[in-house]
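Take a look at the letters that make up each chain.
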Amino acid sequence: MKIVRIIGGLGNQMFQYALYLSLRKRFPKEKILVDCSLFRSYGVHNGLELDKVFGVDLPQASFFEMFKVTVPTYNYTLARIVRKILPKRVSECYEAKDYTYNEHVFSPGNRYYNGYWQNFRYFIDIRELIQNTYKFSLPHDNKNSEILRELSESQSSVSIHVRRGDYLKAPNYAGLCGLEYYRQAINYIKRQIKSPSFYIFSDDIGWCKENIMPMLEDAPVNIVDWNRGSDSYRDIQIMSACKNNIIANSSFSWWAAFLNTNKNAIVCAPAKWTNTIVNCKFQLPEWVLF
């Protein structure tokens, strides 16, 4: 039996569920379950979204099943305290602090997986399965429907994701995707793609209008700023429908690029993903780094 803990925002939930799918592929005869119990007390982001957004199956482990491999708490704050106080159980498998790939994650036997599992090597071999699993429903509003129709007919669309907000004061992520990064990525796109059209996604559109749009000069620019709250995931859908992507050091646009099915897609990504971990490799080998 293997249990994968699900917690965090949608991007992190997608990483964790990708590990769940990978475990199912590798251990077809074992019981593979998830633990979503911490969402009972988790007030950040939009709660558990995997089932709402993608309609995926979430086979929830019972209290007794979790007790076999970990200490069930059902409370996010308490779970963090318990992890610091109690010794690690043999069955508990934690993600490496530097996000490096650990082949022992796929060892046989009872396991409880605690982490975000953001290294693509855990699931890159089932990329097509994941792309087929993370299928978005058609939007019911005119704005998203129209822009998706427009993107289906475009061969030169480029998404630009700019994350500021909480990142401005986050020591681990601040300052990595500044103006120079976007300038280099945009100039590269312009050299590679004839007549590109740009689609800007950000939590700080005012900053983008002042700083990013002048770099785009006379190219067509679309600002996507209407998907908020529980509809934020629609931005991932629209970014993934763009033929090319300029992403931030964020799981949000990481997934948009991963779900992009354009075989000739150009994905520009920051060469340095965090300030505190030097060698972590979130970027796929074919992505262009700046």
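All of these numbers come straight from a predicted model, not from anything done at the bench. (Residues numbered from 1 in each chain as written. Predicted model: local features only at pLDDT ≥ 70, side-chain atom pairs only at ≥ 80, totals over all residues. Heavy atoms only, no water.)

Draft legend 1. Helix 6 (residues 142-152), seen in detail. Within helix 6 the residues assigned to the buried category are Asn144, Ile147, Leu148 and Leu151. In a view along the axis of helix 6, the buried residues occupy a sector of 100 degrees, so they form one face of it. Buried positions along helix 6 lie against strand 5 (157-162), strand 6 (197-202), strand 7 (221-224) and helix 10 (233-241). You can read the cap of helix 6 off the contacts: a side-chain oxygen lies 3.4 Å from the backbone nitrogen of Lys143, and it is on Asp141. (Buried < 20%, exposed > 50% of the residue type's maximum accessible area, 1.4 Å probe, protein only. Helix = DSSP H or I, 4+ residues; strand = E, 2+ residues; numbered from the N terminus. Arc of directions from axis to C-beta. Contact = heavy atoms within 4.5 Å. Polar contact = N/O pair within 3.5 Å; in protein donor to acceptor, adjacent residues only side chain to side chain.)

Draft legend 2. Geometry of a nonpolar patch on the surface. A grouping of Val71, Leu78, Ile81, Ile85 and Leu86 is seen on the molecular surface, where their side chains present a nonpolar patch of about 430 Å² in accessible area. Here Val71 is to be found in the loop between helix 3 (63-67) and helix 4 (76-85). Accessibility expressed as a relative area gives 34% for Val71, which makes it partly exposed. (Patch = residues over 30% accessible without salt bridge, like charges linked within 9 Å, V, L, I, M, F, W, Y side chains within 5 Å. Areas by Shrake-Rupley, 256 points an atom, 1.4 Å probe, with all protein chains shown as cover. Salt bridge = Lys/Arg side-chain N within 4 Å of Asp/Glu carboxyl O.)

Draft legend 3. Layout of the packing of helix 10 against helix 11 (residues 251-258). Viewed as axis vectors pointing N to C, helix 10 and helix 11 meet at an angle of 40 degrees, and their least axial separation amounts to 8 Å. Seen from above, helix 10 lies across helix 11 with right-handed handedness. Taken together, the residues of helix 11 that come into contact with helix 10 (itself represented by Tyr233, Asp235, Ile236, Met239 and Ser240) are Phe252, Ser253, Trp255 and Ala256. Here the contact of helix 10 with helix 11 is built from residues that sort into six nonpolar, two polar and one charged. (Axes fitted to C-alpha atoms, helices over the stretch in contact; angles between N-to-C directions. Left-handed = near helix turned anticlockwise from the far one by under 90°. Nonpolar A, V, L, I, M, F, W, Y, C, P; charged D, E, K, R; others polar.)

Draft legend 4. Geometry of the environment of Thr133. In this fold, Thr133 is placed in helix 5 (residues 127-133). Placed 33 residues apart in sequence, Thr133 and Thr100 show a C-alpha to C-alpha distance of 25 Å. Residues contacting Thr133, with those up to four places away along its chain left out, are Tyr17, Leu21, Phe54 and Val56.

Draft legend 5. Inspection of the sheet that holds strand 8 (residues 244-246) at higher detail. The strand order across the open sheet built from six strands is 7-6-5-8-9-10, with neighbouring strands paired in parallel fashion. Each edge of the sheet is formed by a strand with only one pairing partner; in this case those strands are strand 7 and strand 10 (288-289). Both strand 6 and strand 7 contribute to a ladder of four bridges, which runs parallel. Note on strand 7: the bridge partner recorded for Ile200 is Ile223. Against the sheet, helix 10 makes contact with strand 5, strand 6, strand 7 and strand 8, and its axis sits at roughly 160 degrees relative to strand 6, the strand it touches most. (Pairing = 2+ DSSP bridges.)

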